[in-house]
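Here's the letter readout for the chains.
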Amino acid sequence: MSVSKAKNANVQLLQCLVDAEDTVDSDYRFLVDGKDIKYVTTAPGTFQQFVSEDDFERIFGPVLLGELLPPFPVGSWNKAHVAKDPTTGEIAFITTEIVAFPGVENLWHPLKLNELDFTQKESLRQRVRISSHPELFDGKPVLVKTAVWPSEIPAMVNETAIYERISDKGIGPKFLGHITEGSEGRVVGFIVECVQDARIAEPGDLESCRKALGRLHEVGIKHGDINKHNFLVQEDHNVILIDFETSKQCSSQELKDEMNALKESLEDLDIRGGREVLCSE
């Protein structure tokens, strides 16, 4: 007696950007056969008759892959579009193609590691997670930050360049290398060391935070997001800056304005920014 293989059993949902109103395309990122990254867009209304009010089915991998999507096409492709076939009305893969997605080009650090070789320990945000890799620190935790959607790449490009500018200056976490999408894919992120035994800055840390921000300003760079969650205070009161997505070269007046705004920022009770790179052994 033969047992039928579950549909898309070799496919894993990695990430998705689903339009809540279902009025524009939704985007999905999948891992196929444990090694190939593929992107799929679905047309608005494709699953409308099959999903509940809370849209659970469109974002839950087992249901999405096993019940909603048709079998993944074989062959060489990394982007596909799914919609209702205009002739039959059935949900189908309408197109498949090979696309050169944008990635980070400034590979200033010599180390590149495959994102699939990391073991995730904790997800801090959709794009930020604490992970481990056998080639780094004997498998101890590191911080991995990725940007896989086209809209996220410019910020990743900028932050990677800022890390090059501040390398070995004691301003941010140590930059450990670049992240590739699969073994031979584009660069979609980076690895930095976890800031051990640190806490979020408080108003009483103003002077230490000024010193940290001043080190960044000495190289002519404005941080751009001086909320207290981006200042990590260590036990010796040394402060490490993080999150350089919006950092940029600025005039001396802009740097002065940012420094003057620091006190108010540290006193802000807004909890946004939340957990970032707080790690402990």
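Predicted model only: the values in this text are computed from it and were never measured.

Undergrad: Which parts of the structure should I look at to understand the packing of aromatic side chains?
TA: To describe a pair of aromatic rings, you give the distance between the ring centres and the angle between the ring planes. Following the criterion strictly, the structure yields 12 aromatic pairs and no others. A centroid spacing of 5.5 Å and a plane angle of 45° characterise the contact between tyrosine 163 and phenylalanine 175, whose relative ring orientation is tilted. With a gap of 12 residues between them, tyrosine 163 in helix H3 (residues 153–166) and phenylalanine 175 in strand S10 (residues 175–180) connect regions that are remote in the sequence. The pair formed by tyrosine 163 and phenylalanine 175 is uniform in burial state, with each residue classed as buried. Pairwise contacts between aromatic rings join Tyr28, Phe30, Phe72, Trp77 and Phe93 into one cluster. Its guanidinium or amino end placed over the ring of tryptophan 77, lysine 38 lies 4.5 Å from that ring's centre, counting from NZ or CZ.

Undergrad: What's the story with the pattern of salt bridges in this structure? I'm lost.
TA: Pairing between side chains of opposite charge can happen when their charged atoms approach one another. This model, assessed by the stated rule, comprises 14 salt bridges. Put simply, aspartate 22 and arginine 58 hold a salt bridge, and the shortest N to O gap is 3.4 Å. Of the two residues, aspartate 22 is situated in the loop between strand S1 (11–17) and strand S2 (26–32) and arginine 58 in helix H1 (residues 56–59); the sequence distance between them amounts to 36 residues. Salt-bridge contacts for arginine 199 lead to glutamate 202; the nearest nitrogen and oxygen are separated by 4.0 Å. Sharing partners across several salt bridges, the network here consists of Arg127, Lys145, Glu152, Glu159, Asp243 and Glu245.

Undergrad: How should I be thinking about the nonpolar core in this particular structure?
TA: A general tendency of soluble globular proteins is for nonpolar side chains to be buried together. Among the nonpolar cores identified, the biggest contains 33 residues, and Ile166, Leu216, Phe231, Leu241, Phe244 and Leu262 are the most heavily contacted of them. Going through the elements one at a time, strand S8 (128–132), H3, strand S11 (187–193), helix H4 (206–218), strand S15 (231–233), strand S16 (239–241) and helix H6 (262–267) are the ones with two or more residues in this core. Discounting residues that sit within four places of it in the chain, leucine 241 has contacts with Ile171, Gly172, Pro173, Ala212, Leu213, Leu216, His223, Asn230 and Phe231. In this structure, Tyr28, Leu69, Trp77 and Ile91 belong to the second largest nonpolar core, which totals 19 residues.

About the cut-offs
Residues numbered from 1 in each chain as written. Predicted model: local features only at pLDDT ≥ 70, side-chain atom pairs only at ≥ 80, totals over all residues. Heavy atoms only, no water. Phe/Tyr/Trp six-rings, centres within 6.5 Å; stacked < 30°, edge-to-face > 60°. Helix = DSSP H or I, 4+ residues; strand = E, 2+ residues; numbered from the N terminus. Buried < 20%, exposed > 50% of the residue type's maximum accessible area, 1.4 Å probe, protein only. Lys NZ or Arg CZ within 6 Å of the ring centre and 35° of its normal. Salt bridge = Lys/Arg side-chain N within 4 Å of Asp/Glu carboxyl O. Core = buried A, V, L, I, M, F, W, Y, C linked by side-chain atoms within 4.5 Å. Contact = heavy atoms within 4.5 Å.

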